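# Commentary on secondary and tertiary structure
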Amino acid sequence: MVDKSLILRKLSSLDEYLKQINEYANISLKDYAADWKIQRIVERTLQMMIETCLDVSGHIISDEKLRVPETYADMFRILVQNDILKESQLEAFEKMAKFRNIIVHDYEKIDAGIVLGILQKNLNDFEGFKEAIIDYLKPAE
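What counts, and where the lines are drawn
Residues numbered from 1 in each chain as written. Predicted model: local features only at pLDDT ≥ 70, side-chain atom pairs only at ≥ 80, totals over all residues. Heavy atoms only, no water. Core = buried A, V, L, I, M, F, W, Y, C linked by side-chain atoms within 4.5 Å. Buried < 20%, exposed > 50% of the residue type's maximum accessible area, 1.4 Å probe, protein only. Helix = DSSP H or I, 4+ residues; strand = E, 2+ residues; numbered from the N terminus. Contact = heavy atoms within 4.5 Å. Expected span 1.5 Å × (residues − 1). Axes fitted to C-alpha atoms, helices over the stretch in contact; angles between N-to-C directions. Parallel < 35°, antiparallel > 145°, perpendicular 65-115°, else oblique. Left-handed = near helix turned anticlockwise from the far one by under 90°. Nonpolar A, V, L, I, M, F, W, Y, C, P; charged D, E, K, R; others polar. 1 Å grid on protein atoms, 1.4 Å probe; cavity = no way out; pocket = protein on both sides within 12 Å on 5 of 7 lines; lining within 4 Å. Points joined across faces, edges and corners; volume = space filled by probe spheres on them.

### Quick word on the nonpolar core
With 47 residues, the main nonpolar core has V42, L46, M49, F76, F126, F129 and I133 as its most contacted residues. Counting residues per element, the ones that place at least two in this core are helix 1 (4-22), helix 3 (36-63), helix 4 (72-81), helix 5 (87-105), helix 6 (112-121) and helix 7 (123-137). In terms of residue count, the dominant contributor to this core is helix 3 (10 residues). Discounting chain neighbours no more than four positions away, the residues touching L46 are I21, F99, I103, V115, I118, L123 and F126.

In structure tokens:
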């Protein structure tokens, strides 16, 4: 059985991260590239957001006794296969998992343009994740 209160706490953290990172959504590439502190804040916050989504996914996969994921991206695939996330969301979440790996393992290779693209075009993917999980948690009618 899924621990709804745990997942809702994690989704609340995701909301908080979204509010925080939205402060930087309109930064220019020039300003972003010139300020290592902003880069650190944005990249670390994105990492925490992605890891929160992965953590929620892992709890659902474990609690529902779904198949064991092979990779972080596969965790999202499993949620799609079990009608928790929509197929249309999968590509964005697979990219998130890959981006998380770049942040964690290849820090010096992070492309500022990619980060700004995520900031300006993809933050709504996190909102979509949250909405999908909340729908999943609702009792069947």
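### Things to note about helix 7
With 15 residues, helix 7 ought to run about 21 Å at 1.5 Å a step, and its terminal C-alpha atoms sit 22 Å apart, in line with that. Among all positions of helix 7, only L123, D125, F126, G128, F129, K130, A132, I133 and L137 are buried. As for helix 7, its buried residues are in contact with helix 1, helix 3, helix 4, helix 5 and helix 6.

### A closer look at the packing of helix 3 against helix 4
With their axes 10 Å apart at the nearest point, helix 3 and helix 4 run at an angle of 55 degrees to one another. With respect to helix 4, the element helix 3 is oriented oblique. Crossing hand, helix 3 versus helix 4: left-handed. Contacts from C53, L54, S57, G58, I60 and I61 of helix 3 reach helix 4 at Y72, M75, F76, I78 and L79. Looking at the contact of helix 3 with helix 4 residue by residue, the class counts come to nine nonpolar, two polar and no charged.

### Details of the layout of surface pockets
The method is simple in principle: a probe with the dimensions of a water molecule rolls over the atoms, and the space it marks as empty is what remains. Approximately 280 Å³ is the volume attributed to the largest pocket. Together, 16 residues line the largest pocket, and K95, M96, F99, I118 and N122 are the ones closest to its centre. Contributions of two or more residues to the lining of the largest pocket are made by helix 3, helix 5, helix 6 and helix 7. At six residues, the largest contribution of residues to the lining of the largest pocket is made by helix 5. In terms of residue class, the lining of the largest pocket is built from 10 nonpolar, one polar and five charged.

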